Each structure stands twice: as C-alpha cells, then as structure tokens.
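Descriptive analysis of the structure
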Amino acid sequence: MAVSLSKGQRISLEKSNGAGLSKVRMGLGWDPAQAPKKGGFFGGLFGGGGADEIDLDASCLLLDAQKNLLDVVWFRQLQSRDGSIKHSGDNLTGEGDGDDETIFVDLTRLPGNVAHLAFTVCSFRGQTFNEVEGAFCRLVDDSNNTELAKFNLSEKGAHTGVVMAIVSRDGAGWQMKAVGAPTAGAIANDMMPAVLAAL
C-alpha cells in the first residue's frame, strides 16, 4: 500500500516482503489550472474559457555523496550516460489523467558513486505554478507496478520550478524524501541550488 507523503517526510524504500528494490519509476503529473470562463458571444468565438496547455519538464539530477552533479536526465538527454535512468519523453500539455512524464530507474545499474537522485519539475516556457493544478510525484516498484509513495504538491506561486523529491542511498537500501521546494528554473541545471538546499 502506497504511503502518502507530507512535505519534508522521509520513508525507507523496500518491497512489501522486505527485499530491496531493483527497478522503480518516478511518475510526475500536473494539470493546467482552469481559467475563469469568459461569457458572451465574443468569449465563445475567440476561445475564452479553455484551460491553456502547460509544458512542465520532469528531470532527474544524479549527485554523489559530496553533492557534486554527475549527470542529468531530462527532455534533451533522455537517458543517463550509464543507461541506468531513462526518461519517457516530453509532455507538452499536461493534459490527461495519470503520469505526464515518467523517469525509469534501474537501481542495480546505478554507479556506486551516485548517492542522490533529485526529481524536479520546471517550466521551460516560463509558466508559473499559479497556472498548474494537481502536481504530484509518485514512486512505483516497476517489477510489480506497486505504488510505494506519493507526494501531492498543493502550493501555488509565481515560481517556475519545484524540487519534488529526493531518493538517496540509505546503507544498502534507499529512502525517499518529499521536498516540494519552489524555485526559479527553466531547465534542470537551474534547479541545483534548490536541490543542494534540500539535501
């Protein structure tokens, strides 16, 4: 059964039988905020009232124990250099139910020097989180499609990026921290100061 996380909460990640995880995926989703309807003939004629498309970009930043950036997986690099992390591709609208973008992680193939995986969402087009509703991230055991943890982000604001969650090595296993830290960012590398502050 999935754990619903609050901002700042951490959980240890393992299968229900106590075994370690091997493959997980981080699903990130969002919807456009509903714009108020413009009434009258001209409002309908010129398309008033529809929700705009929201192009947010999910990314995964790989860091070592000294908090040095090792690699970034995002819409311009859909796979980590070692092949352990893969991105589903860019969703330009945020429309539809479920995960809008997914990042697949093979924990068994991650290099030993990778200590932290920071999952972020930012707006390449500069759209703010005042224009977003229902942003969330959820970690799923990819071997059996079991949702392990989910974090719903309810905050709105003029920021263009959010550090959603950080997955870190914890001895022989892994733990997840729900972060929800707003920041300014158009691309994944812009998120580094907020990621470092959250570690």
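Attention in this report is confined to the structure presented alongside it. (Residues numbered from 1 in each chain as written. Predicted model: local features only at pLDDT ≥ 70, side-chain atom pairs only at ≥ 80, totals over all residues. Heavy atoms only, no water.)

1. A few points about the side chain of Ser 168
One can find Ser 168 in strand E11 (residues 161-170). Beyond its immediate sequence surroundings of up to four residues, Ser 168 is in contact with Ala 115, His 116, Gly 173, Trp 174 and Gln 175. (Helix = DSSP H or I, 4+ residues; strand = E, 2+ residues; numbered from the N terminus. Contact = heavy atoms within 4.5 Å.)

2. Here's the deal with the environment of Gln 77
Within the secondary structure, Gln 77 is located in the loop between strand E5 (69-73) and strand E6 (85-87). Gln 77 sits in the partly exposed class, given a relative accessible area of 26%. Leaving out residues up to four positions away in the same chain, Gln 77 has contacts with Asp 71 and Val 72. At 3.2 Å, the side chain of Gln 77 forms a polar contact with the backbone oxygen of Val 72. For Gln 77, the side chain forms a polar contact with the main-chain oxygen of Gln 79, separated by 3.0 Å. (Buried < 20%, exposed > 50% of the residue type's maximum accessible area, 1.4 Å probe, protein only. Polar contact = N/O pair within 3.5 Å; in protein donor to acceptor, adjacent residues only side chain to side chain.)

3. Let's talk about the sheet that holds strand E7 (residues 101-106)
Strand pairing within a sheet occurs via backbone hydrogen bonds; the two strands may be parallel or antiparallel. If you trace the six strands from one edge of the open sheet to the other, you get E1-E10-E9-E3-E7-E6, paired in mixed fashion. In this open sheet, the two edge strands, each paired with only one partner strand, are strand E1 (3-5) and E6. Each adjacent strand pair in this sheet contributes to an overall mean axis angle of 15°, direction not counted. Sheet topology note: the strand E3 (residues 23-32)/strand E9 (residues 132-141) ladder contains eight bridges and is antiparallel. Directly across from Arg 25, in E9, lies its bridge partner Val 140. (Pairing = 2+ DSSP bridges. Axes fitted to C-alpha atoms, helices over the stretch in contact; angles between N-to-C directions.)

Honestly, it's all geometry; don't read function into it.
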